[in-house]
Each structure stands twice: as structure tokens, then as C-alpha cells.
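Structure assessment
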Amino acid sequence: MQPEISQPRKRLLRVKLNGRWREDAVAENQLLSDYLREIARLTGVKIGCDGGECGACTVLIDGAALPSCITLAVRCEGRSVETIEGLASQGRPTRLQRAFHEKLGTQCGFCTPGMIMAAEALLRRNAEPSDAEIRTALSGNLCRCTGYVKIIESVKAAADIAS
Amino acid sequence: MTTDRNNNARRRGLPLIDGIEKVTGRAHYTADLEHADALVGRIFRSPVSHGEILCLDVSKARALDGVIAVVTGADCPHTYGVLPVAMNEHPLARERVRYRGEPVAAVAATDDAIASRALDLIEFEVRELPAYYTSAAARSPDAVLLHANKPGNIEREVHHEFGDVPAGFAAADLVREETISCAELNHAQIEPHACLVDYDPVSGRLTAQSVSQVGYYLHLMLARCLEMDPSRIRVIKPFIGGGFGARVEVLNFEIITALLARAAAGKVLMRLTREENFLTHRARPQTDIRLKLGMRRDGRLTACECEVVQRGGAYAGYGIVTILYAGALLQGIYDIPAIKYDGYRVYANLPPCGAMRGHGSVDSRHAFECLLDRMARELRLDPFTVRRANLLRAPTRTLNDLMVNSCGLEECLDRVEHASRWRERIDRLPSGKGLGMACSHYVSGAAKPIHWTGEPHAVVNLKLDFDGGVTALTGAADIGQGSSTMIAIVVAETLGVSLDRVRVVAGDSAVTPKDNGAYSSRITFMVGNAAIDATRKLKSMLAEAAARKLDARPEDIECAGETFRVESAGQSTLPFIEVVKAALADRGPITVPGSFTCPPEAQGGKHRGGAVGSTMGFSYAAQVVEVSVDEATGSVTVDKAWTALDCGHAINPLAVQGQIEGSVLMGMGQALSEETSYVNGLPMHASLLEYRVPTIAESPPIEVAIVESHDPYGPFGAKEASEGALASFPPALVNAVANAIGIDLRELPATPDRVMEALVERRRELQRAAARRAS
């Protein structure tokens with residue numbers, strides 16, 4: 001006799017993903033991070049921990065930076081979700097992405113997509129953040145490589161160019 | 001013009017050649033690789049710390065619909081390990097389990113839910129044995145042995161004595177002894193472990209893509225454990241999300257995934273949880289240090305005696321090397337006439353420790369720099385004065401026969417003393433604030449490879465084809481430190497072409513030459529030198545072709561800014577691509593190897609274990625840390641750090657700065673908050689919330705000074721830059737706390753509870769003293 005493995009119910013999810021509406025059948029208990037990585041194949045969304053600890057999976061939901069690994073996909077019904085893949089337009093990185101590249105705000109790069117999305121949310125609401133505001137906005141995103149110095153420099157460089 | 005632009009950019013440093021992929025999300029790490037057709041691998045782990053396996057029944061798991069393969073210790077009779085002399089670990093336990101979380105069985109299933117269900121169906125029975133969670137308990141005379149051939153549960157004892165130690169202490173004006181302990185740490189690289197292994201039953205070939213820092217070791221261990229011809233194995237390195245030593249050793253899950261892939265005759269993706277990363281471990285061991293130093297009134301050291309006990313965990317891993325490093329790297333930084341070292345690497349029923357940034361050297365350096373400061377204070381000497389009084393003068397050989405070819409420590413001291421305005425500010429800061437300093441060093445690559453094959457220590461192949469592109473083929477693993485960028489810069493500069501012309505292909509055993517990998521900060525020194533060697537050979541081939549076309553002698557040909565010209569005859573020039581065509585017309589597409597080998601005299605002393613610590617070039621660091629201590633809560637805040645590192649020559653100053661800043665912050669984590677702990681073998685810290693890596697919120701400004709001592713053997717004079725600065729942070733912090741509140745901490749990390757305990761103890765001490773005076 002095979003033990004039963006109950007299948008979670010699925011629902012149709014309509015979401016504006018990186019600017020385009022799409023519909024997918026997703027399980028009600030599917031995490032947004034799994035939906036983005038496995039169904040939408042947006043692997044820029046990284047998983048670095050067992051839930052809400054590291055910030056590598058940070059995406060923008062209606063413009064707010066949130067960890068997608070502790071968000072249910074179905075909670076995003078009718079909302080806008082942006083990932084790192086949605087930032088560059090026609091292959092051209094944004095100022096923020098270029099700043100992370102040029103100032104070495106990225107080393108191994110694993111925390112980088114989440115870090116950039118958190119910084120993107122900050123810069124959209126505050127074009128000229130102070131060091132303290134940058135630290136607060138990115139405090140949920142762990143980086144083990146950079147010592148954060150060049151991450152702060154990157155965000156400031158992007159803000160300088162923008163202002 | 002191109003050259004000027006390149007030169008200007010070079011002085012500032014260059015972004016990583018793979019940086020755009022990282023900032024756009026296009027970089028594919030192991031878990032991102034296409035795996036729609038892959039099975040899900042999961043590991044069943046021991047629920048007990050120590051026990052004899054009585055029964056392991058996987059039949060129900062195997063029968064579950066959707067389970068394609070189950071493997072156990074019966075599927076792999078071979079041991080594995082990083083050191084050929086100490087492979088005492090099975091990828092899946094056989095007969096005995098020795099720590100809670102040790103892999104016992106594994107399943108490959110069509111999805112994660114089925115794999116989890118299958119793990120629940122595994123029946124596992126053990127007869128529990130006594131388990132030991134501290135070095136002292138494991139070393140007690142009646143303790144059950146974890147490994148029958150290791151009496152006293154000692155993996156390795158080291159007893160080294162150089163110079164006349166009793167005479168040294170007799171000559172001292174002050175002799176002091178200190179006992180210091182440092183907590184066990186974890187690398188906590190942000191990318192969790194993962195690997196994707198594909199086995200083709202028809203061709204009998206296996207392809208492993210993994211997070212390894214040393215693909216070559218993985219290749220060797222897969223061949224050994226799966227009894228496969230190595231030529232049927234291909235190891236590929238995807239993007240890697242950090243390492244810090246976690247991934248130097250082959251890890252059990254990598255072999256397990258390969259066993260599953262072969263059993264399933266297909267592709268298996270294994271992704272470990274963060275909790276499993278902590279169980280896989282291989283990081284810095286809990287360490288107890290007893291240190292005695294002799295000092296003259298002028299600060300000159302006369303003798304050093306050090307005992308180190310490392311709690312190594314359940315298996316050998318890198319342990320022998322770690323315990324040797326802890327003693328060997330007492331040397332190579334100061335001129336000390338006599339040194340005695342006793343090291344004990346102890347087995348305990350905990351996840352195995354291994355190499356972590358600053359391998360073996362960090363905790364002994366911490367104790368040393370703390371005691372040095374305390375003795376300086378007693379002799380009313382400035383901490384900088386004491387370090388300056390004991391500087392090594394390069395070139396020299398240490399007592400334990402390590403080569404020191406360049407040393408910029410003095411300049412490092414000058415730079416941080418000046419930058420921090422030490423002289424104006426020391427002892428003049430407001431109450432609760434303090435300054436502390438310390439020094440450290442690290443090897444630029446272990447001079448003796450672990451696997452003695454007689455081959456060169458590094459090989460880079462350069463390929464030049466009809467398209468005019470120069471491709472550097474290397475096995476060196478870029479794990480985020482920027483080694484591929486370093487290779488590209490070295491090739492472009494040596495050849496005289498633009499950086500864009502150079503492409504680096506790294507870490508694919510089917511294409512790139514074998515490399516000993518990313519460990520002991522070896523890549524810049526060894527692979528950089530090999531890249532220069534290959535480029536010079538390529539350049540001379542091109543010079544010959546150019547000479548023929550320009551009707552000149554090859555030795556008179558120069559190439560700069562992608563243009564070949566005859567020296568001292570500026571008028572006749574040839575563009576790079578024309579010369580390439582001429583060279584290829586003669587010989588077709590060119591592939592030229594370059595190599596580097598550390599000469600025997602660099603490979604350490606003849607005494608047992610003498611190879612560990614040997615290197616062609618030591619990096620040196622000096623560091624000042626400013627802290628604020630809240631006496632009401634015991635909380636220590638780092639206000640600023642000033643760090644100077646002698647990396648010989650900064651091939652890429654931007655990357656060097658990034659490495660220094662990163663190692664400083666990792667040092668801060670060790671100093672303030674990072675610590676693993678276990679209750680009956682169960683980790684209490686196995687998440688990134690409980691294991692406290694510093695966040696951006698508490699990260700201090702770090703002022704970096706790059707010191708260039710121009711090593712005579714380094715590529716362009718370069719040495720390592722990734723590890724040397726770490727070890728001076730914890731002692732600089734502890735010394736700063738002493739400066740701030742007059743308390744000498746004896747344990748790391750300096751968490752609020754430890755600081756409070758020390759404050760309370762001092763208060764009691766003062767009360768007792770007052771009571772004595774009153775009576």
C-alpha cells in the first residue's frame with residue numbers, strides 16, 4: 001500500500017510580472033520564490049536560507065521590497081511583482097545595477113539581486129538617501145563577501161547620478 | 001591612448017569581468033541550472049550523536065511511488081577526505097554514526113514531497129554510545145574512542161620546539177601567561193550547498209556541477225568513491241556564491257548525489273537547507289589556547305610557548321593541517337628567538353571542522369596579539385612600539401624554515417597609526433570608547449600541494465585563434481574573489497592588449513587544465529605567475545611573426561596598446577590582428593601552456609609537518625579598531641576600522657580593497673557575534689538568525705590602505721589579499737575593549753553577556769578588595 005501524499009489545491013494566479021501580465025496555475029501553498037524560480041524561471045531570485053533570514057530572494061511587490069521566500073504566490077493575485085530580471089531594459093543595466101558592478105558592490109554575487117531590489121525600492125521612495133537610511137533599508141539583506149562598504153558606495157553612486 | 005586609459009583604470013581597479021551577469025541576475029549558480037528533468041535528492045541524517053548502527057531498512061522508502069533510487073553506506077565502501085593521510089570518513093555512515101546530522105542514507109525522487117516522505121519511511125536503529133561535546137570530555141581517560149586507531153580521541157598531536165625556549169624566558173624582564181578560548185564558527189557563505197550530477201548509463205559518463213572551490217579534489221573523490229575511471233568524469237564549476245574554505249574539501253553531499261545519480265541512471269539535483277549547511281560544517285574549530293610570552297623591558301620578545309587544543313568534530317577532514325597551521329604561523333610575522341608549540345586536535349561527536357578563512361592561524365594570532373598588548377601595557381609601552389620592536393626583516397627564513405621574501409608590516413603599522421590618529425587620540429577618548437590595534441599575516445598559497453604528483457603547482461593554457469581573441473583556460477575557481485578578473489588583467493598587461501580581447505574560461509575539467517583550486521589564497525600568486533608564463537610564450541611567438549613582417553629581430557619587437565612596433569624605430573608598426581594572422585599562418589591556432597612551481601626551498605622545514613605554513617609570500621596586515629562599550633548592557637559597537645594590508649602589489653586595487661573590507665567584517669563577526677553551540681549534539685544556531693553574521697546595520701566604516709612591498713617572486717610583485725587582514729580584527733577589538741573599559745576579555749566572541757560577566761566579576765573583585773582593606 002502506498003501512503004497518500006495529499007496534493008495541494010491549485011488556483012489560477014494572475015500577476016504582472018516584470019511589467020507583463022501572465023497567468024499560471026499555482027498551488028495554494030506555493031511560495032512566491034518557488035513560483036518565480038521554478039515556473040517563471042526567474043532564477044535571479046536566490047534562496048540563501050530556510051525562510052526570511054538572508055534577503056537574497058527580495059523582490060518588489062507593488063514597489064515594496066519583500067522576501068519572496070516567505071510570501072505565498074497566491075497573495076500576489078492582481079499585483080505587480082518585479083525581480084532583478086525586470087530592471088535592465090533591452091539588456092542595458094540600470095544605473096543602480098551599473099553602480100553595483102563598477103563600485104564592486106558585488107563579489108560572489110549571490111546576495112546581489114536581493115540587495116539591488118532592496119536598494120531599488122529605497123531609491124524609488126528616496127532619491128538621495130543618507131548612509132543611515134541605506135543601512136536601514138538594506139539591513140534585511142545579508143552579504144558575506146563585501147563587508148558592505150562598497151554596497152553603500154554603490155547605492156550612493158547610483159543616487160548621485162540620479163539626482 | 002588605449003594604454004593610458006587602461007593604466008588609469010588599473011590604478012583605480014577594474015570591475016569584475018563577470019560582474020554584469022551578477023548584477024542582472026543572469027549569473028547561474030548551481031541551483032539555477034536547468035533541472036526540469038532532474039530528480040530531487042534528499043539526505044537522511046543520524047538523529048543521534050554517537051551510535052552503532054543496528055538496522056537500516058530502506059525497503060519502504062524504496063517502494064514508495066516516485067522514488068527512483070535509495071543509497072546507503074552499503075553502496076560505498078570507500079572513505080574520502082581532503083588529506084590523503086587522513087581519509088576516515090564515509091560519504092554515508094557505515095557501522096557507526098559519530099555526530100548528529102551525519103548522512104546515513106539518501107533518496108532520489110521525482111519531487112520534493114515524495115523525497116521527504118521517503119525519508120520518513122527509513123527505519124534506523126542504533127545502539128547509542130557515550131558522546132563527547134567538548135575537547136576535555138573527549139580526552140578523558142575512560143572516553144570511548146570515536147576512531148579505534150586514535151587513542152585518547154586525539155587526531156594529531158604536534159610538538160615543535162625551535163630555539164632555546166628556557167633561555168629565552170630566562171632573558172625576559174616580564175613573563176606572562178594567558179588562557180584564551182575562541183568559539184566555533186561557520187563560513188555562512190550566502191549560497192547554500194548544491195550540486196547537480198548527471199550520469200549517463202550508456203556511455204558510463206558522469207558530469208558533476210557543484211559549488212566546489214577545488215573541482216580537482218571533487219574529481220578525484222568521485223573517481224575513488226564511485227570506482228570510476230577519472231576520464232569518464234567531468235566536473236564543471238557554475239557561478240559560486242562564496243566559499244571561505246567551506247568548499248575546499250569534497251563534501252559528503254557531493255559524493256552522495258553522484259551515488260544517487262548513478263543508481264537512478266539519470267540527473268539528480270541536491271540542494272541543502274541552511275540547517276544542513278551548518279551540519280556539513282568544515283569551519284573554524286572551537287579552540288582553547290594557553291600562551292606564554294617572554295618580553296624585555298624594551299618590548300623585544302624573548303620566547304613564546306603556546307598550547308592549542310582544537311575541538312575538531314567527528315572526522316579528520318583538514319584537521320591535521322589546521323592544528324599545524326596554528327603553530328607554524330606563530331612565526332613569519334615577528335622575530336622571536338625561541339618558540340615552543342604543542343597542538344592537540346581532538347575528535348568530538350560534532351560536525352567535522354575544516355578550513356576557514358585564515359585557516360588555523362586566526363585563533364592563535366588572536367591570543368598572541370591580546371597577550372602582547374597586555375604585556376605592553378604592563379611595561380608602559382605603546383602597542384605600536386612593541387610590534388615595531390619585533391619586526392622581521394625580509395628576506396629571511398624563520399626558525400621553522402619558512403621563507404619570508406618581502407614584508408611591508410612596518411609600513412602597514414605607519415599607515416594605520418597615522419590614519420587613525422592613534423598618537424593624538426589613544427587614551428584621550430571619552431569614557432566607554434577605546435582604540436585597539438593588532439597585526440596579522442597569511443600565506444599566499446601553500447607551497448606544497450596536498451596531492452604530491454610532481455606536476456607544476458599551477459598551469460594556465462592560452463588559446464589564440466583566427467578571431468584574434470585570447471582565451472585563458474584555467475581550473476582556478478572564481479568564487480567571488482575575482483580570480484578570473486585577475487587572470488584577464490595579467491594576460492592583457494603582459495601581452496599589451498586591451499582587457500576586452502581576453503576571455504577567461506574557468507573550471508571545466510573537460511576543457512581547462514587541472515588546478516589545485518581556491519584555497520590558501522594561492523590563485524593570485526601561483527595562477528597569476530602561470531598566466532604570465534603562458535603569456536610571455538605567446539608573446540614571443542607573436543613577436544617572431546611580427547619581426548618577420550617588420551624585418552626586425554624578435555627581441556626588438558614590443559607590443560603595447562594592441563600595436564606591435566620595433567623598439568627605437570617608432571615608424572613601423574603592425575596592428576595586433578595582423579600579427580595574429582601572420583602567426584597563425586605558420587602554425588594554425590595556438591594553444592600555449594604556462595606554469596608555476598614553488599621551488600623546494602620554499603616548501604618548509606624538514607621536521608614533521610614542516611610543509612604547513614610554507615609559502616612563497618606572506619601578506620601582512622595592521623589594524624586599528626575603535627569601539628564604544630555600553631557598560632549598562634555589555635554591548636560593544638565598532639565605530640570604525642583602519643586596515644592596512646601588504647599585498648605586495650595590487651593587480652586589481654578595487655578587488656583588493658573589496659577583499660580586505662570583506663575579511664575585516666568577517667573578523668568582526670568572529671569578534672562580536674558569531675558562534676555555534678550545541679545541546680547534546682543538536683545545533684542551536686543552524687540558521688542565519690541564530691548564527692549572527694554582521695548585517696549592514698552594524699557594519700562600520702572601514703578605511704583601507706594598500707601597502708605594496710613588491711614581492712620578488714609574486715606576479716608583478718603581488719601576494720595574497722583575501723585572508724591576511726581577518727586575524728588582526730578580533731584581537732584589535734578585544735584590545736580596544738580593554739582600552740575602553742579596562743577589561744581583558746578571555747573568550748570570543750565578545751557578546752554582551754560575556755562583557756557583562758566580566759564587568760560583574762570586576763565589580764565583585766573591587767568589592768572584595770575594598771572589604772579586605774576595611775578589615
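Residues numbered from 1 in each chain as written. Chains lettered and ligands numbered in written order. Predicted model: local features only at pLDDT ≥ 70, side-chain atom pairs only at ≥ 80, totals over all residues.

Counting its secondary structure elements, chain B contains 20 helices and 31 strands. In summary, chain B has a C-alpha radius of gyration of 27 Å against a globular reference of 28 Å for 775 residues, a match within 12%. Its C-alpha atoms put chain B at 100 × 75 × 50 Å along the principal axes. Evaluated residue by residue, chain B yields a buried proportion of 61% over its 775 residues. Contacts spanning at least 24 positions in sequence make up 81% of the contacts within chain B whose residues lie at least 6 apart. (Helix = DSSP H or I, 4+ residues; strand = E, 2+ residues; numbered from the N terminus. Rg over C-alpha atoms; globule rule 2.2 N^0.38 Å. Buried ≥ 20, exposed ≤ 12 C-beta atoms within 10 Å, placed from the backbone. Contact = placed C-beta atoms within 7 Å.)

Residues and elements named next belong to chain B. Residue Pro395 is bonded to the preceding Ala394 through a cis peptide linkage, with omega at -5°. Within the secondary structure, Pro395 is located in the loop between helix 12 (383–388) and strand 16 (396–397). That bond from Leu748 to Pro749 is cis: its omega, -5°, falls within 30 degrees of zero. Inspection of the secondary structure puts Pro749 in the loop between strand 31 (747–748) and helix 20 (752–774). Not every positive phi belongs to a glycine, and Asn153 is a case in point at roughly 55°. Counting through the fold element by element, Asn153 comes out in the loop between helix 5 (135–139) and strand 7 (154–162). Asn153 gets classed as buried once you count the C-beta atoms within 10 Å, which come to 23. Of note, the phi angle at His710 is positive, near 55°, even though the residue is not glycine. The topology assignment puts His710 in the loop between strand 30 (702–707) and helix 19 (729–741).

Attention shifts here to the interface of chain A and chain B. Each side of the interface is counted separately: chain A has 45 residues, and chain B has 48 residues. If one sorts the elements of the side of chain A that touches chain B by residue count, helix 2 (residues 95–102) of chain A sits on top with 4 residues. Residue composition of the side of chain A that touches chain B, by class: 23 nonpolar, 15 polar and 7 charged. (Nonpolar A, V, L, I, M, F, W, Y, C, P; charged D, E, K, R; others polar.)

All names here are of chain B. Their axes nearest at 8 Å, the elements helix 11 (residues 361–378) and helix 19 cross at an angle of 30°. By the angle between their axes, helix 11 is roughly parallel relative to helix 19. Between helix 11 and helix 19 the crossing geometry is right-handed. In this structure, helix 11 contributes Arg365, His366, Glu369, Cys370 and Asp373 to the contact, and helix 19 contributes Pro730, Pro731, Val734 and Asn735. When its residues are assigned to classes, the contact of helix 11 with helix 19 shows 4 nonpolar, 2 polar and 3 charged. (Axes fitted to C-alpha atoms, helices over the stretch in contact; angles between N-to-C directions. Parallel < 35°, antiparallel > 145°, perpendicular 65-115°, else oblique. Left-handed = near helix turned anticlockwise from the far one by under 90°.)

Turning our eyes to something else, we now look at the sheet that holds strand 4 (residues 64–67) of chain A. Residues and elements named next belong to chain A. Read from one edge of the open sheet, 5 strands run 2-1-5-3-4, paired in mixed fashion. The sheet terminates laterally at strand 2 (20–27) and strand 4, the two strands that pair on one side only. The mean angle between the axes of side-by-side strands here comes to 40°, regardless of whether they run parallel or antiparallel. Pairing of strand 3 (residues 58–61) with strand 5 (residues 80–82), which is carried by 2 bridges, proceeds in the antiparallel orientation. What sits directly across from Leu60, in strand 5, is Glu82. The sheet contacts of helix 3 (residues 112–125) involve strand 3 and strand 4, and relative to strand 3 the element is tilted by about 35°. (Pairing = 2+ DSSP bridges.)

Quick look at the nonpolar core now. Core analysis: the largest hydrophobic core is formed by 314 residues, its most contacted members being Val460(B), Val491(B), Leu733(B) and Val737(B). The residues touching Val460(B), leaving out its near neighbours within four places in the chain, are Ala472(B), Leu473(B), Thr474(B), Ile487(B), Val527(B), Ala530(B), Ala531(B), Ala534(B) and Gly594(B). (Core = buried A, V, L, I, M, F, W, Y, C linked by C-beta atoms within 7 Å.)

This part takes up the domain arrangement of chain B. Residues and elements named next belong to chain B. If you check the domain split of chain B, you get domain 1 (2–27 + 449–597), domain 2 (33–129 + 191–241 + 247–280) and domain 3 (286–448 + 604–761). Each of domain 1 and domain 3 has a C-alpha centre, and the two are 36 Å apart. If you look at the interface, domain 1 gives 21 residues, while domain 3 gives 23 residues. Breaking the side of domain 1 that touches domain 3 down by element, the ones donating at least two residues are helix 1 (2–12), helix 15 (483–495) and helix 16 (523–550). The element contributing the most residues to the side of domain 1 that touches domain 3 is helix 16, with 6 residues. Tallied by class, the residues present in the side of domain 1 that touches domain 3 amount to 9 nonpolar, 9 polar and 3 charged. (Domains from an automatic or database assignment.)

A word on the sheet that holds strand 14 (residues 301–313) of chain B. All names here are of chain B. Taking strand neighbours across the sheet as the criterion, the 6 strands line up as 7-15-14-13-8-31 in an open arrangement whose pairing is mixed. The sheet is open, and its two borders are formed by strand 7 and strand 31, each paired with just one other strand. Pairing of strand 13 (residues 286–295) with strand 14 involves 10 bridges; the strand directions are antiparallel. Residue Leu293 lies in a different strand from strand 14, and its bridge partner there is Cys304.

Bringing the confidence of the model for chain B into the picture now. Parts of the model with low pLDDT should not have their predicted coordinates read in detail. Residues and elements named next belong to chain B. Confidence along chain B averages 96 in pLDDT terms, with 98% of residues attaining 70 or more. Every residue in residues 1–5 scores below 50 in pLDDT, and together they form 5 contacts with partners more than four places removed in sequence or on other chains. Reported for the predicted complex are a pTM of 0.97 and an ipTM of 0.97. (pLDDT = per-residue confidence, 0-100.)

A separate point is helix 20 of chain B. In this model, helix 20 of chain B (23 residues) spans 33 Å end to end at C-alpha, consistent with the 33 Å of a helix rising 1.5 Å per residue. With 1 of 23 residues buried, helix 20 of chain B lies mostly on the surface of the structure. (Expected span 1.5 Å × (residues − 1).)

Turning our attention to the environment of Ile233(B). Residues and elements named next belong to chain B. Counting through the fold element by element, Ile233 comes out in strand 11 (residues 233–236). Of the residues examined, Ile233 has 22 C-beta atoms within 10 Å and is grouped as buried. For the pair Ile233 and Phe564, spaced 331 residues apart in sequence, the C-alpha to C-alpha distance is 43 Å. The contacts of Ile233, once residues within four sequence positions are left out, are Leu206, His219, Leu222, Ala223 and Met228.

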